[in-house]
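# Topology and contacts: notes
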Amino acid sequence: MAVPPQLPALLHAVNALLRKRRYHAALAMLKGFRNGAVYGAKIRAPHALVMTFLFRSGSFQDKLWAILQATYTHSRNLACFVFTYKGLCALQSRVQGDTYQVHSFLAAFIGSLLVFGDNNNINSQINMYLLSRVLFALCRLGVEKGYIPEPRWDLFRLFAAVVWGLVLWLFEYHRPTLQPSLQSSMTYLYQDSNVWHDISDFLLYNKSLPSK
């Protein structure tokens with residue numbers, strides 16, 4: 001099929017526009033939106049697929065709709081946040097004439113209030129994922145800056161022991177305080193393994209198949 005004669009000229013004009021420094025901030029917002037949408041979909045779709053078919057009941061259509069809805073929500077929220085964050089960073093730099101560290105915090109603070117402030121399953125998972133990374137990073141930053149004495153030995157084993165001790169204690173005695181998806185995973189591992197009737201639900205399946 002022949003290429004329309006206007007297409008090369010259009011592509012040349014678009015590429016010329018993309019290379020203009022004058023529009024870099026606005027174009028970076030658009031590409032950030034694109035990257036947020038793509039990354040959100042790539043991260044959420046496999047996770048939703050596995051978790052839905054492992055732990056969710058309902059028809060195939062219901063499960064498929066849940067996967068699509070979770071993927072769309074994650075993709076949309078991440079795209080909107082990146083767009084907002086980059087826009088607010090650019091605005092602060094333009095107003096103050098330079099870039100400062102506080103710009104990142106303020107832009108992300110405002111962006112997350114608008115995008116990740118709704119208390120739903122997707123935002124809860126994202127925020128808790130980030131919390132663990134932030135706590136790790138702040139500890140490392142504290143050591144780097146000299147606010148926290150550098151450990152004389154590797155504390156990772158102790159860290160793992162405390163985390164797992166706490167999460168199993170919470171699961172066994174304060175289960176409602178844990179996130180629903182974590183409750184489902186731990187129920188499968190630690191509660192369902194206490195129940196069986198014969199070889200079928202001991203080895204082949206987690207639970208007995210419903211009788212016809």
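For the structure itself, consult the block above.
Quantities reported herein were computed from a predicted structural model and do not represent experimental measurements.

Rules behind the numbers
Residues numbered from 1 in each chain as written. Predicted model: local features only at pLDDT ≥ 70, side-chain atom pairs only at ≥ 80, totals over all residues. Heavy atoms only, no water. Helix = DSSP H or I, 4+ residues; strand = E, 2+ residues; numbered from the N terminus. Rg over C-alpha atoms; globule rule 2.2 N^0.38 Å. Buried < 20%, exposed > 50% of the residue type's maximum accessible area, 1.4 Å probe, protein only. 1 Å grid on protein atoms, 1.4 Å probe; cavity = no way out; pocket = protein on both sides within 12 Å on 5 of 7 lines; lining within 4 Å. Points joined across faces, edges and corners; volume = space filled by probe spheres on them. Nonpolar A, V, L, I, M, F, W, Y, C, P; charged D, E, K, R; others polar. Phe/Tyr/Trp six-rings, centres within 6.5 Å; stacked < 30°, edge-to-face > 60°. Lys NZ or Arg CZ within 6 Å of the ring centre and 35° of its normal. Patch = residues over 30% accessible without salt bridge, like charges linked within 9 Å, V, L, I, M, F, W, Y side chains within 5 Å. Areas by Shrake-Rupley, 256 points an atom, 1.4 Å probe, with all protein chains shown as cover. Salt bridge = Lys/Arg side-chain N within 4 Å of Asp/Glu carboxyl O. Contact = heavy atoms within 4.5 Å. Axes fitted to C-alpha atoms, helices over the stretch in contact; angles between N-to-C directions. Parallel < 35°, antiparallel > 145°, perpendicular 65-115°, else oblique. Left-handed = near helix turned anticlockwise from the far one by under 90°.

### Some words on the overall build of the chain
Helices and strands together make up the secondary structure of the chain, namely eight helices and zero strands. Going residue by residue from the N terminus, the α and β elements of the chain occur as α-α-α-α-α-α-α-α. In terms of C-alpha radius of gyration, the chain reaches 24 Å, well past the compact-globule figure of 17 Å for 212 residues. Judged by the C-alpha coordinates and their principal axes, the chain covers about 70 × 65 × 30 Å. The burial tally for the chain puts 19% of its 212 residues in the buried class.

### Digging into the layout of surface pockets
Taken as a whole, the largest pocket spans an internal volume of roughly 1800 Å³. Considering the residues around the largest pocket, the lining is formed by 43 residues, among which M128, Y129, L131, S132 and R133 are closest to the centre. In terms of residue count, helix α5 (residues 121–145) provides more of the lining of the largest pocket than any other element does, 13 residues in total. The residue inventory of the lining of the largest pocket, partitioned by class, reads 31 nonpolar, eight polar and four charged. When residues of the lining of the second largest pocket are traced back to their parent elements, those giving at least two are α2 (24–55), α3 (60–96), α5 and α7 (180–191). Ranked by residues supplied to the lining of the second largest pocket, first place goes to α3 with seven residues. Partitioned by chemical class, the residues of the lining of the second largest pocket number nine nonpolar, 10 polar and three charged.

### Some details on the packing of aromatic side chains
Here the structure, examined in full by the defined rule, presents nine aromatic pairs. Three or more aromatic residues joined by ring pairs make a cluster, and in this case those are F81, Y85 and F116. The ring of F171 has R175 lying over it, and the distance from NZ or CZ to the ring centre is 4.0 Å.

### Some points on a nonpolar patch on the surface
Taken together, the side chains of L49, V50, F53, L54, F60, L64, W65 and L68 make up a nonpolar region of the molecular surface, amounting to roughly 830 Å² of accessible area. When contributions to the nonpolar patch are tallied by element, the ones reaching two or more residues are α2 and α3. In this fold, L64 is placed in helix α3. Its relative accessible area of 39% is what places L64 among the partly exposed residues.

### Points about the environment of L17
With respect to the helices and strands, the residue L17 is situated in helix α1 (residues 6–18). For L17 and L27, which are 10 residues apart along the polypeptide, the C-alpha to C-alpha distance reads 9.5 Å. Apart from residues no more than four positions distant in its own chain, L17 is found in contact with Y23 and L27.

### A closer look at the packing of α3 against α5
Two elements in contact, α3 and α5, have axes separated by 10 Å at closest approach and are oriented at 55 degrees. Here α3 lies oblique to α5, going by the angle between them. Between α3 and α5 the crossing geometry is right-handed. Along the contact surface, α3 presents A70, T73, H74 and N77, while α5 presents I122, N123 and I126.

### Re the packing of α3 against helix α4 (residues 101–115)
Their axes nearest at 8 Å, the elements α3 and α4 cross at an angle of 140 degrees. Judged by the sense of rotation from one axis to the other, the crossing of α3 with α4 is right-handed. Here N77, C80, F81, T84, Y85, L88, C89, Q92, S93 and Q96 of α3 lie close against α4, whose contacting residues are H103, S104, L106, A107, A108, I110, G111, S112, L114 and V115. Broken down by class, the residue content of the contact of α3 with α4 amounts to 11 nonpolar, nine polar and no charged.

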